[in-house]
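Below are the chains, spelled out letter by letter.
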Amino acid sequence: MKALITGASSGIGKDMAIYLSECGFDLILCGRNKESLEQLQSSLKTKVKIIIIDLADEKKAKDLYMVAKNENIDVLINNAGFGLFGDYNSCDLLTELKMIDVNVRAVHILTRMFLKDMVKRNKGCILNVASSAGLLKGGPLMSTYYATKSYVVSFTLAIYEELRRKKSNVKVSVLCPGPVNTNFNNVAGVKFNIKSLSAEYVAKYAIDQSLKNNKLIIVPGTATKLGVFVTRFLPTKLILKITYKIQERKNKR
């Protein structure tokens with residue numbers, strides 16, 4: 001069995017690599033930090049190939065598929081992504097566009113290309129990493145990030161139904177964690193005011209729920225599950241007010 005993980009140099013992606021290696025998977029690990037990937041590669045017991053890549057570049061996303069298409073990937077994990085905090089009018093446009101490229105375009109491209117091969121073989125699993133933000137009705141002060149994760153959720157759910165109606169054995173899942181203790185917080189410029197789950201816990205939970213239990217929407221943690229459930233019954237404008245207050249308290253600046 002072989003898995004390809006993007007954003008594997010740290011956080012959830014790194015811990016997914018460790019867990020999958022423990023489960024006997026050979027790995028293709030992708031990311032921008034060569035040193036971190038090489039250290040991870042040397043620590044794992046199964047066969048590991050590393051690819052240094054910036055998925056903000058559409059061509060490189062397509063090149064990644066060309067490099068790995070003959071590897072018979074059993075599991076694709078689209079984990080690469082980042083966030084940005086701030087009022088929409090004040091956020092740097094180029095950074096936001098790069099976020100859309102990584103969080104949306106790269107996920108879309110890699111899913112399309114690897115899914116076609118999996119459908120032909122009638123086996124495989126794709127796990128797209130979104131966020132609990134993708135299950136909410138907008139995210140003031142992190143507007144673009146929330147929008148990208150909403151795209152990933154909606155995109156994955158639609159593919160699931162298409163595959164189900166074709167009676168395909170290919171599985172798709174979307175991971176929607178709440179606060180996780182990773183470098184994401186530093187990149188986004190936020191600090192969570194509630195207890196974060198460990199990346200190791202989220203990684204193992206996600207792998208078990210997707211590969212073993214074929215769970216479609218994966219939400220780790222009781223508090224996050226409860227929060228997502230409650231929002232279903234609240235008016236949109238009230239949710240936006242609450243979300244703004246929560247986001248405002250995260251500001252590290």
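Our structure's up above, just so we're on the same page.
These lines cover the structure that appears in this document, whether it is placed above or below. The numbering scheme is per chain: residues are counted from 1 as the chain's sequence reads. At least 70 in pLDDT is required for a residue's local features to be given in this predicted model, at least 80 for side-chain atom pairs to be given and counted, and no such filter applies to totals for whole chains, interfaces and linings, which use all residues. By convention in this description, side-chain values take in all heavy atoms of the structure and omit both hydrogens and water.

Two packed helices can be described by the angle between their axes and the distance between those axes. Whenever a helix is involved, its axis is fitted only over the stretch in contact; in every case the axis is a line through C-alpha atoms, and angles between N-to-C directions fall within 0 to 180 degrees. Runs of H or I in DSSP of at least four residues are treated as helices and runs of E of at least two as strands, each being numbered from the N terminus. Where helix α4 (residues 93–121) contacts helix α5 (residues 143–165), the two axes come as close as 9 Å, and the packing angle between them is 15°. Of the possible angle classes, the one that applies to α4 and α5 is roughly parallel. Between α4 and α5 lies a crossing of right-handed hand. In contact with E96, M99, I100, N103, V104, V107, H108, T111, L115 and V119 of α4, α5 contributes T144, Y145, T148, K149, Y151, V152, F155, I159 and L163. Orientation labels follow simple angle bins: below 35 degrees gives roughly parallel, above 145 gives roughly antiparallel, 65 to 115 gives roughly perpendicular, and whatever is left gives oblique. In this scheme the handedness of a crossing depends on how the near helix is turned from the far one: anticlockwise by less than a right angle means left-handed, clockwise means right-handed. The contact criterion used throughout is that any non-hydrogen atoms of two residues lie within 4.5 Å.

Bringing the packing of aromatic side chains into the picture now. Centre distance within 6.5 Å is the pairing criterion for rings of Phe, Tyr and Trp, where only the six-membered ring of Trp is used; planes under 30 degrees apart are then read as stacked, over 60 as edge-to-face, and the remainder as tilted. Under the defined criterion, the tally for this structure stands at five aromatic pairs. Note on Y65 and F114: the rings are 5.1 Å apart at their centroids and 80° apart in plane angle, and the pair reads as edge-to-face. One end of the pair, Y65, is in helix α3 (residues 58–68); the other, F114, is in helix α4, and 49 residues separate them in sequence. Residue Y65 shares its accessibility class with F114, and that shared class is buried. Seen in terms of ring centroids, Y151 and F155 are 5.7 Å apart; in terms of plane orientation they differ by 25°. Their pairing is stacked. Note that Y151 and F155 are positioned in helix α5 at a spacing of four residues, about one turn of the helix. The class of Y151 is partly exposed, set by a relative accessible area of 34%. Only protein chains enter the area calculation, which uses a 1.4 Å probe; residues under 20% of their type maximum are buried, those over 50% are exposed, and those in between are partly exposed. The class of F155 is buried, set by a relative accessible area of 14%.

A few words now on α4. The span you would expect from a helix comes to 1.5 Å times its residue count less one. In a regular helix each residue adds 1.5 Å, so 29 residues correspond to 42 Å; α4 covers 41 Å between its end C-alpha atoms and thus fits that length. At R105, α4 shows its largest kink, close to 30°. Downstream of α4 by one or two residues, N122 has phi in the positive range, about 60°. Bend at a residue means the angle formed by two fitted axes: the first through the 7 residues ending at that position, the second through the 7 residues beginning there.

Let us now look at the sheet that holds strand β5 (residues 125–129). At least two bridges found by DSSP between two strands are what make those strands a pair. The strand order across the open sheet built from seven strands is β3-β2-β1-β4-β5-β6-β9, with neighbouring strands paired in parallel fashion. Of all the strands in the sheet, just β3 (48–52) and β9 (217–218) have a single pairing partner and so form its edges. As paired strands, strand β1 (residues 2–5) and strand β2 (residues 26–31) are joined by four bridges and run parallel to one another. Its bridge partner being in β2, K2 is matched across the sheet by D26. Each of β1, β2, β4 (75–78), β5 and β6 (171–175) is contacted by helix α1 (residues 11–22), which is oriented at about 170° to β1, the strand it contacts most. Of the strands in this sheet, β2 and β3 are in contact with helix α2 (residues 34–43), which crosses β3 at around 175°.

Along the chain, T144 falls in helix α5. Given a relative accessible area of 11%, T144 falls into the buried group. Any N or O atom pair separated by 3.5 Å or less is treated as a polar contact, with the protein-specific requirement of one donor-capable and one acceptor-capable atom, and with residues adjacent in sequence counted only for side-chain atom pairs. At 2.6 Å, the side chain of T144 and the side chain of E96 are in polar contact.

What follows is about the environment of G138. Among the structural elements, G138 can be located in the loop between β5 and α5. Residues G138 and I239, 101 residues apart in the sequence, show an inter-C-alpha distance of 8.5 Å.

Below, the discussion takes up the pattern of salt bridges. A carboxyl oxygen of Asp or Glu within 4 Å of a side-chain nitrogen of Lys or Arg is what we treat as a salt bridge. In this structure the tally under the stated criterion is eleven salt bridges. The partner of D63 in a salt bridge is K59, and the shortest N-O contact between them spans 3.0 Å. Of this pair, D63 and K59 both sit in helix α3, four residues apart, roughly one helical turn. By relative accessible area, K59 is classed as exposed at 56%. Residue E161 pairs with R164 through a salt bridge whose shortest N-O separation is 2.7 Å. Placement of the pair is E161 and R164 together in helix α5, with a separation of three residues, close to one helical turn.

With that out of the way, let us pick up the side chain of S9. Here S9 shows up in the loop between β1 and α1. By relative accessible area, which is 18% here, S9 ends up buried. Residue contacts for S9: discarding those within four places in its chain leaves K14, N33, S36 and L37.

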